[in-house]
Amino acid sequence: MENRTYTADAEPGDHVTVAGWVHEIRDLGGIAFLILRDKTGKIQIKFEKDEMDDDLVEAGLDASRESVVSVTGTVDEEPRAPTGVEVTPDGFEVIAPADPELPLDPSGKVDAELPTRLDNRTLDLRKPDVQAVFEIRAEVLRAVREQFRDEGCTEINTPKIVATGTEGGTELFPISYFGEEAFMNQSPQLFKQLMAGSGLEKVFEIGPIFRAEEHNTPRHLNEATSIDFEGAFHDHTEAMDVVEGIVTAAYEAVAENCQEELELLDLADEFEAPSGEFPRLTYEEALDRINATGELDEMLVYGDDLSTEAERVLGEEVGEHYFIVDWPSEIKPFYIKDYDDDAETSTGFDLMHPRMELVSGGQREHRYEHLVEGFEQQGLDPDEFEYYTKMFKYGMPPHAGWGLGGERLVMTMLGLDNIREAVLFPRDRQRLSP
RNA sequence: GCCCGGGUGGUGUAGUGGCCCAUCAUACAACCCUGUCACGGUUGUGACGCGGGUUCAAAUCCCGCCUCGGGCGCCA
């Protein structure tokens, strides 16, 4: 739109055209105010009934809330106006009227529940605090990319339509691929490993992953954004160094570049980037600390996986991001390498936020025979994964990597109650549209 | 997959057998009001998820269905 001025840029003395949505109309009788909202904020438009053209006043006051309008007029300094300036219009046009009956209230006077908000995401995202979440999400992704690039990683994009599942375990969405059975990929795991063995060596991918699990919780999605890393000649401790850098960079970028958004979310005072070095608890230390709290009905013993409750208890105990390392091999996937001097202990690790798991990773099994053996022990047919395993015959370096849940990162960073708030159009057990 | 708990005007709610042709807020409509900033005031509009059952009487109790949220498992 030519000659459009953002409301935030309207200076006293200017003659401007502002365009946006009708936020509210307050009619006081002889004088009325229309509050116009755009991406940058709000501005007050003044209608003085005795002193202005009747048609202009009528057009302005007849506009329904959330209609898109453009207003041309003079900007004046006005201490009584909410932003200190107001526009006296000489032109007013309704560009796109809004039905007076709105499915939710973008002015935020009346709350709407999450399903209502998600059904009407466009209107929901007219609320500044909702916008702030997605501005921050964008900044997180930008900072993560920059940090990876600074570390010499190459961004890759791998197929989301695949012939076979990644590593077994989670359920996959089946699709028909020209009549052939195919699946939506649950993880870029196998492909990024193949690239770690290529000349690219250090790669990352930010992309969707699909999981057909019928869970129904505030921290699961069936389509999520995974931030993945894989590095050749990395061991698991070096991979943990990388994830520390990534998570810290994301927090620092938000602290530095998103003050306005943090204020909208009432987080400006408390928001703090982590130190950059997360405690690395061994699995056994984690068990001891959980058991020491006495909060669990039953003491955990070696070999137990950590239940949701155990994770919560440990999170409260540690109070910051932390790693759990040195898991028993039996409860970590076969493609994660065991220690060379201790076949019972895995190099797998998890990065935890006090509220939930954020990352899982480890050093990969790069030895061809061990890998094929692992497939067989899992009851998987190595032939189906031949496209993958065969590359381990042609010089596959030791490598390590991890996957970080993008929405979980944003959710825990901002203290969101529900992961769906961190996605524009979430896909969950109940929701396939919009 | 197993287990809980919900669905009342457009939105968010009150109401757990008769006091309910259903409360309040917001919205919408009309009128009054020249400095609002969640403007205020008066009047009005608008709802018990669907189907069946129990009862003299059902928003309220029972059954089925639809639908939503949550807990666990599992995971990012």
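Just so you know, these numbers come straight off a predicted model, no measurement behind them.

Further remarks concern the nonpolar core. Core analysis: the largest hydrophobic core is formed by 49 residues, its most contacted members being Phe 148, Trp 402, Leu 404, Met 413 and Leu 414. Sorting elements by how many residues they give to this core places helix α6 (residues 236–257) first, with nine residues. Counting residues in each nonpolar core, the second largest holds 20 residues, with Ala 10, Val 18, Leu 56 and Val 85 among its members.

Attention now goes to the protein's contact with RNA strand B. In the vicinity of RNA strand B, 52 residues are found, and the nearest of them are Glu 24, Arg 26, Arg 80, Glu 214 and Thr 308. When the atoms of RNA strand B within 4 Å of the protein are grouped by moiety, sugar and phosphate amount to 59% of the total. Interatomic distance of 3.1 Å between a backbone N/O atom of Leu 28 and a base oxygen of RNA strand B. Elements supplying a minimum of two residues to the surface near RNA strand B: β1 (15–27), β2 (31–38), β3 (41–48), α2 (114–119), α9 (308–318) and β17 (356–363). Counting residues per element, the surface near RNA strand B draws most heavily on β17, which supplies four residues. Considering only residue class, the surface near RNA strand B consists of 16 nonpolar, 14 polar and 22 charged.

Here we come to the sheet that holds strand β8 (residues 174–177). Taken in spatial order, the three strands line up as β7-β9-β8 in an open sheet, and their pairing is antiparallel. The open sheet is flanked by β7 (161–162) and β8, the only strands paired with a single partner. Looking at chain direction, β8 and strand β9 (residues 180–184) are connected through four bridges and run antiparallel. Residue Pro 174 lies in a different strand from β9, and its bridge partner there is Phe 183.

For the coordinates displayed, the defined rule picks out 17 aromatic pairs. Centre to centre, the rings of Phe 334 and Phe 375 are 4.9 Å apart; their planes meet at 65°, and the pair counts as edge-to-face. A residue pair is termed long-range when its members are at least 10 positions apart, and Phe 334 in the loop between β13 (322–325) and β14 (338–339) and Phe 375 in helix α10 (residues 368–377) qualify at 41 residues. Across the pair, Phe 375 and Phe 334 agree in class, each one buried. Aromatic rings pair up to connect Phe 334, Tyr 335, Phe 375, Phe 385, Tyr 388 and Phe 392 into one cluster. Of note, Lys 332 hangs over the ring of Trp 327, and the distance from its end group to the ring centre comes to 4.7 Å.

A few words on the pattern of salt bridges. For the structure shown, the criterion picks out 34 salt bridges. Note that Glu 86 and Lys 46 form a salt bridge whose closest N and O atoms lie 3.6 Å from each other. Taken together, the positions of Glu 86 in strand β5 (residues 85–96) and Lys 46 in strand β3 put the pair 40 residues apart, joining distant regions of the chain. Residue classification places Lys 46 among the buried residues on the basis of a relative accessible area of 16%. One salt bridge in this structure joins Asp 105 and Arg 65, with 2.6 Å as the shortest N-O distance. Highlighted residues: Asp 105 in the loop between β5 and α2 and Arg 65 in the loop between α1 (54–62) and β4 (68–77), separated in sequence by 40 residues. Its relative accessible area of 13% is what places Asp 105 among the buried residues. Taken together, the shared-partner salt bridges in this structure form one network comprising Arg 117, Arg 121, Asp 124 and Lys 127.

Take the packing of helix α8 (residues 283–293) against α9 next. For the pair α8 and α9, interaxial distance at closest approach is 9 Å and the crossing angle is 90°. Considering the angle they form, α8 stands roughly perpendicular to α9. Here Ala 286, Arg 289, Ile 290 and Thr 293 of α8 come into contact with α9, specifically with Ala 310, Val 313, Leu 314, Glu 317 and Val 318.

A separate point is the sheet that holds strand β6 (residues 154–155). The strand order across the open sheet built from eight strands is β6-β10-β11-β18-β17-β16-β13-β12, with neighbouring strands paired in mixed fashion. The open sheet terminates on both sides in strands that have one partner only, identified here as β6 and β12 (280–282). In this structure, β13 lies alongside strand β16 (residues 349–353), joined through three bridges in antiparallel fashion. Residue Phe 323 lies in a different strand from β16, and its bridge partner there is Leu 351. Contacts from α6 reach β11 (223–232), β12, β13, β16, β17 and β18 (399–405) within the one sheet, and its direction differs from that of β18 by about 30°.

Criteria and thresholds
Residues numbered from 1 in each chain as written. Chains lettered and ligands numbered in written order. Predicted model: local features only at pLDDT ≥ 70, side-chain atom pairs only at ≥ 80, totals over all residues. Heavy atoms only, no water. Core = buried A, V, L, I, M, F, W, Y, C linked by side-chain atoms within 4.5 Å. Buried < 20%, exposed > 50% of the residue type's maximum accessible area, 1.4 Å probe, protein only. Helix = DSSP H or I, 4+ residues; strand = E, 2+ residues; numbered from the N terminus. Near = heavy atom within 4 Å. Polar contact = N/O pair within 3.5 Å; in protein donor to acceptor, adjacent residues only side chain to side chain. Nonpolar A, V, L, I, M, F, W, Y, C, P; charged D, E, K, R; others polar. Pairing = 2+ DSSP bridges. Phe/Tyr/Trp six-rings, centres within 6.5 Å; stacked < 30°, edge-to-face > 60°. Lys NZ or Arg CZ within 6 Å of the ring centre and 35° of its normal. Salt bridge = Lys/Arg side-chain N within 4 Å of Asp/Glu carboxyl O. Axes fitted to C-alpha atoms, helices over the stretch in contact; angles between N-to-C directions. Parallel < 35°, antiparallel > 145°, perpendicular 65-115°, else oblique. Contact = heavy atoms within 4.5 Å.

Read these as geometric descriptors, not functional statements.
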